[in-house]
Amino acid sequence: MDQLVAESTPLKRTMRTFDLTMLGIGAIIGTGIFVLTGKGALTAGPALSVSFLLAAVCCGFAGLCYAEFAAMAPVSGSAYSYAYLAFGELIAFVIGWDLILEYALQAATVSAGWSGYFNKLLEGFGLHLPVELTAAYGTNPDVTTYFNLPGFVIVLIITWVLSIGINQTKRTNDVMVLIKLAIIVLFIVCAVSVWSSRPTWPAVLPVRPSTLSSPAPPSPYGIVPAASIVFFSFIGFDAVSSSAEETINPNKTLPRGILLSLAVSTVLYVIMTLIMTGVVPYKEFAKYIDAPVAGVILETGMNWLAVIVNLGALIGMTTVMLVQLYGQSRICYAMSRDGLFPKFFGHVHEKYRTPFKGTWFFGLLTAFAGGFININVLFELVNIGTLSAFIIVSAGILWMRKTQPNAPRGFRAPGVPVTPILAIVFCFVLIAGLNWETWVRFAVWFGLGLIVYFGYSRKRSKLGLEQKAGADAKVAATED
């Protein structure tokens, strides 16, 4: 543990509790409200808020484990560094490899949703992009498209902001998150009056929601599959822990930022889903699957809200992409520092004090992926990768409490061993809600990671080289 902390590169420390909370909210509040609530409503019915609550509880238990690790080992790398500390290099590499895919896929997937809302905003002003440049090839079988130009451009802009310094990143994120929260509160205030006068939700609350595969008769199991879907909404709070080396007094501020962002986001999600399923009967969301909030606006008749909500959606998804690309660059930076990735990814710019080259490498890769590839079918890979990381981090707390009970901890997760065990159980329940194709794709990516590790990383890892040097020194001493 001391070696990990001592080897941390002095990136610029400017982040405080408020910035970390805004970073977490920026990552969490976005796609879940503006995109996934439609699909979630069709799966869980009027109990959608219960699905969000279930996903939040899972993240809450895992968040407590992240908070303890963040206070104990305030270094970049998030779950990768925590797995390295608890279980060693191989498991750490696998989790880091998974998180790289998670962050890249989420940012690229969100860029596709961002493009849709951007095109709608342009249409509101009478402007139109060529339809061929509005989405990747094969995204919509009824329309011929070749390239997602808006999504490509926004990822490049975000990459530029990330590369020029943490101060620019945090200020941009703080401003956008505050605007986004103001728009969401405005929507809630405007929609709640309609909800109270037309309470469809209380009328159908006793009805058990149906599953996607069997709409009739009603079944209670729609809540769990919906929780597996909307879990995507909560992904991102773990990226807060990636900012450890850029945080002032990380032992205290990191746990606060992680837990506060989860708490605020959960409250907003529950309120929003209660109102949305109260204003619009859940079956009607089939008509608004890509823009569920727009459907609520149409039902309320407050069309003047449409432009404002579109702007909120754009800002919300922009902050999600910003935090995901930020977390990805820091994980690659940590893996490079440990010798598992080439030094290219760990290069820190002398002026900006950021992992400049690695940030641009993955920014360009994500931009091209979102621009040219229809990756909507792969978004559940993000969920299974994150849930796997949560399981490892939670298990790591159990292991560290056993092997290093007296190690200094600025924050201790309450209720151990119950808390991490519950986090693991919830994660496995949500993984069980994913389809088998996701498992196959995850296994393929896992296999590729093992090839990279044994073919490249293991031979060049700093830990392996140090162990080899120590062994050679012992042999030389014996010969002498």
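Residues numbered from 1 in each chain as written. Predicted model: local features only at pLDDT ≥ 70, side-chain atom pairs only at ≥ 80, totals over all residues. Heavy atoms only, no water.

A. Focus on the packing of helix α4 (residues 48–72) against helix α10 (residues 223–234). In contact at an axis separation of 8 Å, α4 and α10 are set at 60 degrees when each is read in the N-to-C sense. For the element pair α4 / α10, the angle class is oblique. Of the two elements, α4 crosses α10, and the hand of that crossing is right-handed. For the pair α4 and α10, the contacting residues are L48, V50, S51, F52, L54, A55, A56, C58 and C59 in the first and I223, V224, A226, A227, V230, F231, S233 and F234 in the second. When the residues that make up the contact of α4 with α10 are grouped by side-chain class, the tally is 15 nonpolar, two polar and no charged. (Axes fitted to C-alpha atoms, helices over the stretch in contact; angles between N-to-C directions. Helix = DSSP H or I, 4+ residues; strand = E, 2+ residues; numbered from the N terminus. Parallel < 35°, antiparallel > 145°, perpendicular 65-115°, else oblique. Left-handed = near helix turned anticlockwise from the far one by under 90°. Contact = heavy atoms within 4.5 Å. Nonpolar A, V, L, I, M, F, W, Y, C, P; charged D, E, K, R; others polar.)

B. Spotlight on the packing of aromatic side chains. On inspection of all chains with the given rule, the structure shows 23 aromatic pairs. Seen from their ring centres, F152 and F368 are 5.1 Å apart, and the 70 degrees between their planes marks the pair as edge-to-face. One end of the pair, F152, is in helix α7 (residues 149–163); the other, F368, is in helix α15 (residues 356–372), with 216 residues separating them in the sequence. Judged by relative accessible area, F152 falls into the buried class, the value being 14%. Judged by its relative accessible area of 41%, F368 falls in the partly exposed class. Grouping aromatic residues by their ring pairs yields a cluster made of F93, W97, F341, F344, F345, F361, F362, W445, Y453 and F454. (Phe/Tyr/Trp six-rings, centres within 6.5 Å; stacked < 30°, edge-to-face > 60°. Buried < 20%, exposed > 50% of the residue type's maximum accessible area, 1.4 Å probe, protein only.)

C. Up close: the pattern of salt bridges. Summed over the entire model, instances satisfying the criterion amount to three salt bridges. A salt bridge links K170 to D19; the nearest nitrogen and oxygen atoms lie 3.6 Å apart. Linking K170 in helix α8 (residues 166–197) with D19 in helix α2 (residues 17–28), this pair joins segments that are 151 residues apart in sequence. The same class applies to K170 and to D19, which are both buried. In this structure, the salt-bridge partner of E68 is R401, at a minimum N-O distance of 2.8 Å. Taken together, the residues span a long stretch of sequence, with E68 in helix α4 and R401 in helix α16 (residues 379–403) at a distance of 333 residues. Taken together, the salt bridges that share partners define one network made up of E68, R401 and R409. (Salt bridge = Lys/Arg side-chain N within 4 Å of Asp/Glu carboxyl O.)

D. View of the side chain of Q106. As for its position among the elements, Q106 is in helix α6 (residues 89–124). On the basis of relative accessible area, Q106 is assigned to the buried category, the value being 1%. Apart from the residues within four sequence positions on either side, Q106 is in contact with F232, I235, V320, Q324 and V382.

E. Region of the structure containing unusual backbone geometry. Residue P417 is bonded to the preceding V416 through a cis peptide linkage, with omega at 15 degrees. Residue placement: P417 occurs in the loop between α16 and α17 (418–432). One non-glycine residue, N249, lies in positive phi territory at about 50 degrees. If you trace the backbone, N249 turns up in the loop between α11 (237–240) and α12 (250–279). Of the residues examined, N249 reaches a relative accessible area of 42% and is grouped as partly exposed. One non-glycine residue, R353, adopts positive backbone phi at about 55 degrees. By the secondary structure assignment, R353 is in the loop between α14 (305–337) and α15.

Coordinates in, geometry out; function isn't part of it.
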